[in-house]
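# Working through the structure, step by step
This is what each chain is made of:
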Amino acid sequence: MEDREFLRGKNLKYWQKIGIIFGGVHLALLAFLLLTTGGKGEGAVLLAILLEWPLILLTGDYLPPIFKSSTFFAGIYLIIVGTLLYAVIGMALSFIIIKPVMFLINITRSKGDG
């Protein structure tokens, strides 16, 4: 019974849900990019750079040699590591922004009850 509730997201905390949303948006944008451009041309490269700028910012010029030699492996790297990075960014933003806001909302609700 608990497994079904977990799959529906009932037991997930808000920061987990936001991380999943950010990761899902990253995957959706990446799929849209690949489907519209076919992964070829300057437009695909420019959009990939704009989409993956946090990953490029963190890793800099470093990519393991296997990813430099094959476009397929580079794509897999961007899909997996990029999605995880966006999920972590979503979780971090939820802690930085949403948690204090929820705290303030709870304080104002408790003042109104008393």
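Figured I'd write up the structure that's included with this text. (Residues numbered from 1 in each chain as written. Predicted model: local features only at pLDDT ≥ 70, side-chain atom pairs only at ≥ 80, totals over all residues. Heavy atoms only, no water.)

Looking now at the environment of Leu-84. The residue Leu-84 is located in helix α6 (residues 71-113) in this model. The sequence separation of Leu-84 and Gly-23 amounts to 61 residues, and the corresponding C-alpha distance is 6.5 Å. (Helix = DSSP H or I, 4+ residues; strand = E, 2+ residues; numbered from the N terminus.)

Moving on to helix α2 (residues 14-37). Its 24 residues place the ends of α2 34 Å apart at the C-alpha level, agreeing with the 34 Å of an ideal helix rising 1.5 Å per residue. Among the residues trailing α2, Gly-38 stands out with phi positive, at a value near 70°. (Expected span 1.5 Å × (residues − 1).)

So, on to the packing of aromatic side chains. Each pair of aromatic rings is reported with the distance of its centres and the angle of its planes. Within this structure, the stated rule accounts for one aromatic pair. Relative to Phe-95, the ring of Trp-15 lies with its centre 5.5 Å away and its plane at 35°, an arrangement referred to as tilted. Taken together, the positions of Trp-15 in helix α2 and Phe-95 in helix α6 put the pair 80 residues apart, joining distant regions of the chain. Taking the relative accessible area as the measure of exposure, Trp-15 reaches 24% and is therefore partly exposed. (Phe/Tyr/Trp six-rings, centres within 6.5 Å; stacked < 30°, edge-to-face > 60°. Buried < 20%, exposed > 50% of the residue type's maximum accessible area, 1.4 Å probe, protein only.)

For Ser-94, the position within the fold is in helix α6. Of the polar contacts made by the side chain of Ser-94, one reaches the backbone oxygen of Met-91; its length is 2.6 Å. Apart from residues lying up to four places away in sequence, Ser-94 is in contact with Tyr-14, Trp-15, Ile-18 and Lys-99. (Polar contact = N/O pair within 3.5 Å; in protein donor to acceptor, adjacent residues only side chain to side chain. Contact = heavy atoms within 4.5 Å.)

Before going further, it helps to spend a moment on the packing of α2 against helix α3 (residues 42-51). The geometry of α2 relative to α3 is characterised by a closest axis approach of 10 Å and an angle of 175° between their N-to-C directions. Between α2 and α3, the angle falls in the class roughly antiparallel. Side by side, α2 and α3 meet where His-26, Leu-29, Leu-30, Leu-33 and Thr-37 of the first sit next to Ala-44, Leu-47, Ala-48 and Leu-51 of the second. Across the contact of α2 with α3, the residue classes break down as seven nonpolar, two polar and no charged. (Axes fitted to C-alpha atoms, helices over the stretch in contact; angles between N-to-C directions. Parallel < 35°, antiparallel > 145°, perpendicular 65-115°, else oblique. Nonpolar A, V, L, I, M, F, W, Y, C, P; charged D, E, K, R; others polar.)

Right, let's get into a nonpolar patch on the surface. Together, Tyr-14, Leu-93, Phe-95, Ile-96, Ile-97, Val-101, Met-102 and Ile-105 line one region of the surface with nonpolar side chains, adding up to about 680 Å² of accessible area. Ranked by residues supplied to the nonpolar patch, first place goes to α6 with seven residues. Among the structural elements, Met-102 can be located in helix α6. (Patch = residues over 30% accessible without salt bridge, like charges linked within 9 Å, V, L, I, M, F, W, Y side chains within 5 Å. Areas by Shrake-Rupley, 256 points an atom, 1.4 Å probe, with all protein chains shown as cover. Salt bridge = Lys/Arg side-chain N within 4 Å of Asp/Glu carboxyl O.)

Our next topic: the side chain of His-26. Looking at the secondary structure, you find His-26 in helix α2. What makes His-26 buried here is its relative accessible area of 1%. Side chain to side chain, His-26 and Thr-83 meet in a polar contact 2.9 Å long. Setting aside residues up to four positions removed in sequence, His-26 forms contacts with Leu-51, Glu-52, Leu-78, Ile-79, Gly-82, Thr-83 and Tyr-86.

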